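Listed below are the residues making up each chain.
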Amino acid sequence: MKVCIIGTGYVGLPTGLGFCILGHKVVCVDKDASKVAMLNYGNSTLYEPYLKEILTKSLKEQSISFTTNIKDALKDAQVVILAVGTPTSKDGVSADLTYIKQAAQEVAANLPKTYTVVCIKSTVPVGTNDFIENIFKQYCLHSNWDICSLPEFLKEGNAIMDFLLADRIVIGTDSPRAKAKLTKLYANHKSPQLVVSRRSAELIKYASNAFLAIKINYINEIANLCEKCGAKIDEVAKGMGMDKRIGNQFLKAGIGFGGSCFPKDTKALTYTAREYRTNVPLVDVAILENDSRIGQLVKRITHLVKPTQKLALLGLTFKANTDDCRESQAIKIAKELSKKYKHISVYDPKGMDNAKKLLKDKVEYAKLSIDAVKGADAIIILTGWNCFKVNFKKLLKNTKKSCIIIDYVNLLNPKQVTNHKYYCIGK
Ligand code: UGA
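Residues numbered from 1 in each chain as written. Predicted model: local features only at pLDDT ≥ 70, side-chain atom pairs only at ≥ 80, totals over all residues. Heavy atoms only, no water.

1. Comments concerning the state of the cysteines
Where we set the bar: Counting rule for disulfides: a pair of cysteine sulfur atoms within 2.5 Å. Think of it in three bands: residues with accessible area under 20% of the maximum for their type are buried, residues over 50% are exposed, and the middle band is partly exposed, with areas taken using a 1.4 Å probe on protein chains only.
A complete count under the given rule lists zero disulfides for this structure. Note on cysteine 20: no disulfide assigned, nearest cysteine sulfur contributed by cysteine 28 at a separation of 7.3 Å. Judged by its relative accessible area of 10%, cysteine 20 is buried. Cysteine 226 provides the cysteine sulfur closest to cysteine 229, a residue in no disulfide bond, and the two sulfurs are 5.5 Å apart.

2. Here we look at the packing of helix H13 (residues 329–338) against helix H14 (residues 352–359)
Two numbers describe a pair of packed helices, the interaxial angle and the distance between the axes. As a reminder, the rule being used: Here an angle of 0 to 180 degrees is reported between the N-to-C directions of two axes, which are lines fitted to C-alpha atoms, with helices fitted over the stretch in contact. Working definition: helices are DSSP H or I runs of at least four residues, strands are E runs of at least two. Numbering for both runs from the N terminus. Every angle not falling under 35 degrees, over 145, or within 65 to 115 is termed oblique; those three ranges are roughly parallel, roughly antiparallel and roughly perpendicular. Crossings are assigned a handedness: left-handed for a near helix turned anticlockwise from the far helix by less than a right angle, right-handed for a clockwise turn. Contact criterion: two residues are considered in contact whenever any of their non-hydrogen atoms come within 4.5 Å of each other. Amino acids are sorted into nonpolar (Ala, Val, Leu, Ile, Met, Phe, Trp, Tyr, Cys and Pro), charged (Asp, Glu, Lys and Arg) and polar (every other residue, Gly among them).
Interaxial distance between H13 and H14 falls to 11 Å at its minimum, and their mutual angle equals 45°. What the angle tells us is that H13 and H14 run oblique. Our pair here, H13 against H14, has a crossing hand that is right-handed. Taking contact as the criterion, the partners of Ile331, Ala334 and Lys335 in H13 are, on H14, Ala355, Leu358 and Leu359. Considering only residue class, the contact of H13 with H14 consists of five nonpolar, no polar and one charged.

3. Brief notes about the pattern of salt bridges
Put simply, the rule reads: Within this document, salt bridges are pairs made up of a side-chain nitrogen of Lys or Arg and a carboxyl oxygen of Asp or Glu, the two lying within 4 Å of each other.
Across all of its chains, the model carries 19 salt bridges by this definition. Ionic pairing is found between glutamate 61 and lysine 57, a salt bridge with its closest N-O pair at 3.2 Å. Here aspartate 243 makes a salt bridge to arginine 245, at a shortest N to O gap of 2.8 Å. On the accessibility criterion, aspartate 243 (23% relative accessible area) is partly exposed. Because the salt bridges share partners, they merge into one network encompassing Asp130, Glu133, Lys137, Arg198 and Arg199.

4. Observations concerning helix H1 (residues 12–21)
Of all 10 residues in H1, nine are buried; the element is thus mostly enclosed. Of the positions making up H1, those classed as buried are Gly12, Leu13, Pro14, Thr15, Gly16, Leu17, Gly18, Phe19 and Cys20. Two residues or fewer after H1 comes glycine 23, characterised by a positive phi angle close to 100°.

5. Focus on the sheet that holds strand S12 (residues 378–381)
What counts is decided by this rule: What makes two strands pair is DSSP finding at least two bridges between them.
Across the sheet, which stays open at both edges, the six strands sit in the order S11-S10-S9-S12-S13-S14 with parallel pairing between neighbours. Looking at strand neighbours, the two that pair on one side only are strand S11 (364–365) and strand S14 (422–424), the edges of this open sheet. Pairing geometry for strand S10 (residues 344–347) and S11, over two bridges, is parallel. Looking at S11, one finds that valine 346 is bridged to tyrosine 365. Here helix H12 (residues 281–304) sits on the sheet in contact with strand S9 (311–314), S12, strand S13 (404–407) and S14, set at roughly 170° to S13.

6. Focus on the layout of surface pockets
Applied cut-off: Residues are said to line a cavity or pocket when one of their atoms sits within 4 Å of a point; the points come from a 1 Å grid over protein atoms alone, cavities being sets where a 1.4 Å probe fits but cannot get out and pockets being open sets with protein on both sides within 12 Å along at least five of seven lines. Grid points are joined across faces, edges and corners, and a volume is the space filled by probe spheres set on the points.
Each pocket or cavity is described by its volume, and for the second largest pocket that value is around 220 Å³. Lining the second largest pocket are Lys393, Leu396, Lys397, Thr399, Lys400, Lys401, Lys415, Gln416, Val417, Thr418, Asn419 and His420. For the lining of the second largest pocket, the class distribution of residues is two nonpolar, five polar and five charged.

7. Thoughts on the packing of aromatic side chains
This is how the line gets drawn: Each aromatic pair joins two rings of Phe, Tyr and Trp (for Trp, the six-membered one) with centres within 6.5 Å, and gets the label stacked for planes under 30 degrees apart, edge-to-face for over 60, and tilted for any other angle. Placement of a charge over a ring requires the Lys NZ or Arg CZ to be within 6 Å of the ring centre, with the centre-to-atom vector within 35 degrees of the ring normal.
Tallied over the entire structure, the rule returns six aromatic pairs. With a centroid separation of 6.4 Å and an interplanar angle of 65°, the aromatic rings of tyrosine 347 and phenylalanine 388 are classed as edge-to-face. Of this pair, tyrosine 347 sits in strand S10 while phenylalanine 388 sits in helix H16 (residues 386–397); the two residues are 41 residues apart in sequence, bridging distant segments of the chain. With respect to class, tyrosine 347 is no different from phenylalanine 388; both count as buried. The structure contains a cluster of three or more aromatic residues connected by ring pairs, namely Phe19, Phe163 and Tyr186. For arginine 168, the ring lying beneath its charged end belongs to phenylalanine 153, and the centroid distance is 3.6 Å. Positioned over the ring face of tyrosine 365 is lysine 356, at 5.5 Å from the centre of the ring.

8. Here's the deal with the packing of helix H11 (residues 262–275) against H12
Between H11 and H12, the shortest axis-to-axis distance is 9 Å and the interhelical angle comes to 145°. As H11 packs across H12, the resulting crossing turns out to be left-handed. In contact with Thr266, Lys267, Leu269, Thr270 and Arg274 of H11, H12 contributes Val283, Asp284 and Ile287. For the contact of H11 with H12, the residue count by class is three nonpolar, two polar and three charged.

9. Details of the side chain of serine 191
Where we set the bar: For this analysis, a polar contact is any N or O atom pair within 3.5 Å, provided that within protein one partner can donate a hydrogen and the other can accept it, and provided that sequence-adjacent residues contribute only side-chain to side-chain pairs.
Assignment of secondary structure puts serine 191 in the loop between helix H8 (176–185) and strand S8 (193–196). On the basis of relative accessibility, which here comes to 9%, the residue serine 191 falls in the buried class. Engagement of the side chain of serine 191 in a polar contact is seen with the backbone oxygen of alanine 166, the distance being 2.6 Å. Beyond its immediate sequence surroundings of up to four residues, serine 191 is in contact with Leu164, Leu165, Ala166 and Ile169.

10. Some points on the site of the ligand
Our working rule: If a single non-hydrogen atom of a residue is within 4 Å of a molecule or strand, that residue counts as near it. Exposure was quantified through the Shrake-Rupley algorithm and a 1.4 Å probe, taking into account, for residues, occlusion by the shown protein chains and nothing else.
Taken together, 19 residues form the shell around the ligand, and within it Phe153, Leu154, Glu156, Lys205 and Lys319 come nearest. Between the ligand and phenylalanine 153 there is a distance of 2.8 Å, counted from an oxygen atom to a backbone nitrogen or oxygen. Within the backbone of leucine 154, a nitrogen or oxygen atom sits 2.7 Å from an oxygen atom of the ligand. Contact with the protein chains hides 88% of the accessible area of the ligand, taken as 710 Å² for the molecule alone. Taken together, the elements giving at least two residues each to the shell around the ligand come down to helix H9 (198–229) and H11. Considering every element that reaches the shell around the ligand, the biggest residue donor is H9, with three residues.

Printed below as a string of structure tokens:
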């Protein structure tokens, strides 16, 4: 089957490559000509485990190609997937639908006359599929199409595996023809499928992300309590997670949730609830507490380290195994610390370029983690990169004996750092 994907970001690109693995022919469209050129040469525009290898293989087998020309890309495509960004609007809460609206107009105006299923994979508020259907009625010269909701549940840093081993594939449509086409699209995929109405599919996505954000916020609250009452958060989380009704994932206490999804989607969900004259107070609290966690964690550092001393920050991306620094709590902590400390050296294995755009000249950028920790009075771990854990002994050889370790993601085994004062979360 030929699949056309609009958008080559953190969702569009791994999804396109995932469909290649399933045996489909994929054409990805992006407005950015330099990005398209890079991808056609096999150079990945973002860091994601296995992505470069699969890109190289798929290009070699000619199962994927990239173009700026939407008309050519749509030719013979049976399924079109819109995977463009839906960032937060200028109002700071609602979802900005500018890109999806533009993409829908362009697809509609260029859609060939053969039957096509147009899927909305971007995270969009309830009712957006109806809105896009109206765009198609206005811009498309025929009506041989269906608009379906096809929300994505992959996580950055594990995108390809999440695509292939998804817990579920949610298809939002009332059209039997579209359902049959999408069932064929996923014929080689083992995950269970759930076919629901478009509005339910749209809400499943937001409700799932917000639920996970609440879960993270909750475990951070319990971690705060552990610190006061003498319990250990790892043990508490393990014991909770053994209850199948709770589940053992997303119970890792740390610096709070960040990234391009949870902060944006939780806000958008509260906006939708208010639009429908109801509210979601649990989500409101999760947003507020996640924001206030930055101040709490900065305060702990200022109690331990003097303003004249040197800090080494390890990890800047919103989580490990990605280069993405969007809405990264680590970046927000670094910004707050830069108001109080003159000497801050930072290092991230993949996120330095993105971090530089956000932190500018507020900090010093180390070429290696070893350079960052040289002469530091405190090492603060903000992202759980495995390489920090593996190399930590080596890193410690390059620091002062008096250097303290503040491990805000509970990455290290305290036994690794017995000669240094070690602080972590929830213990
Ligand atoms: C999230 C969802 O997990 C995906 O299912 C969804 O498809 C995606 O959003 C999206 O809407 O596109 P993602 O933001 O890539 O995925 O990454 P997560 O692994 O969910 O992490 C989000 C944040 O929560 C990170 O800052 C992470 O460090 C934090 N987190 C996660 C914790 O603090 N503790 C945990 O136990 C898990």
